[in-house]
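# Fold and geometry: a report
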Amino acid sequence: MAKSVSATQPHQSLSRASWRDYYEMTKPNVVLLLLLTALVGMCLSTPGWLPWQPLVAGLMGIGALSSAAAVINHVMDRRIDAQMARTFNRPVPKGKVSPRRALIFAGLLAAAGYLVLEIWVNRLTALLTLASLVGYAMVYTMYLKRATPQNIVIGGLAGAAPPLLGWTAITGEVHPYALLLVLIIFIWTPPHFWALAIHREKDYARAQVPMLPVTHGVAFTKTSVLLYTILLAIVCLMPYLVGMTGVIYFIGSSLLNVGFLYYALKLKFNADEHTAMQTFRFSILHLMVLFLVLLVDHYFKITL
Ligand code: HEM
Ligand SMILES: CC(C)=CCC/C(C)=C/CC/C(C)=C/COP(=O)(O)OP(=O)(O)O
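Looking at an unreviewed UniProt entry, the protein chain carries the name Protoheme IX farnesyltransferase, with the source organism given as Lacimicrobium alkaliphilum. For the protein chain, the Function (unreviewed entry) comment in UniProt is given as "Converts heme B (protoheme IX) to heme O by substitution of the vinyl group on carbon 2 of heme B porphyrin ring with a hydroxyethyl farnesyl side group." Regarding the protein chain, the UniProt comment filed under Catalytic activity (unreviewed entry) reads as follows: "heme b + (2E,6E)-farnesyl diphosphate + H2O = Fe(II)-heme o + diphosphate".

See below:
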């Protein structure tokens, strides 16, 4: 609740930190979905069974570096987070974990993740995953987020990378099909985030973060959500059109995109106070089911 947000500076009492605070800083639900997209990238990279070593080490390494990126985001954003109702209760702005301890935690996660990828996967995957960490934790968080309303469009590339990271973990090569999966998440990110930002517009305005609803207004942001959702429906057809996937994917992804378009249209033309958050929640379901459908399609491929 907005009225609970009083602090503009992090508290200083560093007493009651528990493992839950460290766990929370890794954004576990986001990382789980990132790992699902990485796993699907792995599975789609090869027709048969996956070799277990790059499978397990790849997921561990990508998970650890993504978690490290999320922890760095908590540290760098602590002053912004302290001013927003959605985030003021996080461990760093609350003063439960000091920025220094959080950074040590992130450093350990990042070092472990990088070494696992370098030793048991391959250097290409290690470097690309590290680049994604830098893209999210530094380029997006420390610069773009504060600089331009296109922040999440450009920064979205880091969050979209995992299917490619999964693919290179197994094959050691960048394949155009993997880039198509990256493109899907890249185009999915703006409607995912802007739906939430519409709901939280006052939060971002108070913290002076130049998110699209703050700089260009809610009406313009709703139009942008709708246009990106239309673009997403088109981009989602591409794996089918190039022969990468079969009929199961075509039907599954089409149904999901009809659902996303329904919410985006409702948000633009017939919204009530719940529509923005419903659209945001649907975006998460959309991406999760889309990647599960890709998996089913891969192992039970039906072509016409
Ligand atoms: C720059 C890109 C992105 C931005 C700016 C963004 C923004 C956000 C924000 C602000 C939340 C906050 C929810 C909350 O605390 O209530 C969120 C939630 C979430 N995002 Fe994203 N997101 C991005 C990319 C991604 C990607 C690539 C994925 C997964 C593939 C993802 C998956 C999720 C999930 C699963 C949640 C729900 C978390 C929970 O309920 O704990 N996001 N996103
Ligand atoms: C190695 C690798 C693949 C790195 C990517 C890591 C990662 C956690 C990407 C997710 C993007 C995300 C949750 C952005 C929200 O940040 P925000 O600061 O706008 O949202 P917040 O206000 O909730 O913190």
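Attention now goes to the overall build of the protein chain. Helix and strand content of the protein chain: 15 helices and 0 strands. Here the C-alpha radius of gyration of the protein chain, 20 Å, is about what a compact globule of 304 residues would show, namely 19 Å. C-alpha atoms of the protein chain, sized along the principal axes, occupy 60 × 50 × 30 Å. Expressed as a percentage of the 304 residues in the protein chain, the buried residues total 48%. Sequence separation of 24 or more characterises 76% of the internal contacts of the protein chain that already satisfy a separation of 6 or more.

Another point: the domain arrangement of the protein chain. What the domain assignment reports for the protein chain is domain 1 (9-158 + 165-172) and domain 2 (175-304). A straight line from the C-alpha centre of domain 1 to that of domain 2 covers 22 Å. In this assembly, 23 residues from domain 1 lie in contact with 26 residues from domain 2. No other element matches helix α2 (residues 28-44), which puts 7 residues into the side of domain 1 that touches domain 2. Its residues assigned to classes, the side of domain 1 that touches domain 2 shows 13 nonpolar, 7 polar and 3 charged.

Residue placement: Phe269 occurs in helix α14 (residues 247-269). The exposed category is assigned to Phe269, around which 9 C-beta atoms lie within 10 Å. Along the chain, Phe269 and Lys222 lie 47 residues apart, while their C-alpha atoms are 9.0 Å from each other.

Next up on the list: the site of ligand 1. In the neighbourhood of ligand 1, 19 residues make up the surrounding shell, with Asn29, Leu33, Ile152, Gly159 and Phe193 lying closest. Class assignment for the residues of the shell around ligand 1 results in 11 nonpolar, 7 polar and 1 charged.

This brings us to the site of ligand 2. Taken together, 19 residues lie near ligand 2, and Ser66, Ala69, Ser132, Tyr136 and Gly159 sit nearest. Mapped by element, the contributors of at least two residues to the shell around ligand 2 are α2, α3 (52-76), α7 (123-147) and α8 (151-160). For the shell around ligand 2, a count of residues per class yields 10 nonpolar, 7 polar and 2 charged.

On the UniProt side, "transmembrane region" (unreviewed entry) is annotated at positions that read residues 55-76, 102-120, 126-144, 151-170, 176-198, 219-241, 247-267 and 279-300 here. Counted over residues 55-76, helix gives 100% and strand 0%. Its end C-alpha atoms are 32 Å apart. What you have in residues 247-267 is 100% helix and 0% strand, and the ends, taken at the C-alpha atoms, are 30 Å apart.

Look at α2 against helix α15 (residues 275-299): their axes get within 10 Å of each other, and the N-to-C directions meet at 20 degrees. Classified by the interaxial angle, the pair formed by α2 and α15 is roughly parallel. Crossing geometry of α2 relative to α15 is assigned as left-handed. Between α2, through Leu33, Leu36, Thr37, Val40, Cys43 and Leu44, and α15, the contact on the second element is made entirely by Ile284, Leu287, Met288, Phe291, Leu294, Leu295 and His298. Its residues assigned to classes, the contact of α2 with α15 shows 11 nonpolar, 2 polar and no charged.

Cut-offs used in this document
Residues numbered from 1 in each chain as written. Chains lettered and ligands numbered in written order. Predicted model: local features only at pLDDT ≥ 70, side-chain atom pairs only at ≥ 80, totals over all residues. UniProt positions renumbered as here; feature names shortened; annotations may be inferred. Helix = DSSP H or I, 4+ residues; strand = E, 2+ residues; numbered from the N terminus. Rg over C-alpha atoms; globule rule 2.2 N^0.38 Å. Buried ≥ 20, exposed ≤ 12 C-beta atoms within 10 Å, placed from the backbone. Contact = placed C-beta atoms within 7 Å. Domains from an automatic or database assignment. Nonpolar A, V, L, I, M, F, W, Y, C, P; charged D, E, K, R; others polar. Near = placed C-beta within 6 Å. Axes fitted to C-alpha atoms, helices over the stretch in contact; angles between N-to-C directions. Parallel < 35°, antiparallel > 145°, perpendicular 65-115°, else oblique. Left-handed = near helix turned anticlockwise from the far one by under 90°.

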